[in-house]
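Observations on the model geometry
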Amino acid sequence: MLLDFNGMKEVTIPGMNHGTGMMTAKMYVGEQGKIISSIIHPGGSIGPHQHETNDDINYVLSGNGKAICDGKEEFLKRGTCHICKKGSEHSIINTGDEDLVLITVVVER
């Protein structure tokens, strides 16, 4: 199956999960999970939230940020991948002056 994110509708989300600033995203949703192309704009964050039924895998395409997973800080930059395992809580913060661009794969299990 081919997914073409170029043709998908982009949505703007203010304060995702009670975070700050703005995020834009394009999302594919299937039975086994989601694939999300997202941008957390400078000053933005995804607020703390728990993954009760899935793993959340976040690969950084560009920008700089920080993930806080179960209280542990992980610094994000191009080429790094943050994984929030089922049952864990995390947040993601754009700490840079540029967009933090992510590909997120949510795997239901």
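See above for the structure.
Residues numbered from 1 in each chain as written. Predicted model: local features only at pLDDT ≥ 70, side-chain atom pairs only at ≥ 80, totals over all residues. Heavy atoms only, no water.

So, the sheet that holds strand 3 (residues 33-40)
Here 6 strands make up an open sheet; going across it, the order is 1-2-3-10-5-8 and the pairing antiparallel. Whereas interior strands pair on both sides, the edge strands pair on one side only; in this sheet they are strand 1 (11-14) and strand 8 (81-84). Across the sheet, the mean angle from the axis of one strand to that of its neighbour is 25°, orientation sign disregarded. Pairing between strand 5 (residues 54-62) and strand 8: 4 bridges, direction antiparallel. Residue pairing for strand 8: Tyr59 is matched across the bridge by Cys81. (Pairing = 2+ DSSP bridges. Helix = DSSP H or I, 4+ residues; strand = E, 2+ residues; numbered from the N terminus. Axes fitted to C-alpha atoms, helices over the stretch in contact; angles between N-to-C directions.)

Describing unusual backbone geometry
For residues that are not glycine, phi is negative in most cases, and the peptide bond is trans in most cases. Even without being a glycine, His18 presents a positive backbone phi close to 65°. Residue His18 is classed as exposed on the basis of its relative accessible area of 81%. Although it is not a glycine, Asp70 sits at a positive phi angle of roughly 50°. Tracing the backbone through its elements, the reader meets Asp70 in the loop between strand 6 (65-69) and strand 7 (72-76). (Buried < 20%, exposed > 50% of the residue type's maximum accessible area, 1.4 Å probe, protein only.)

Worth remembering: the numbers are spatial, not functional.
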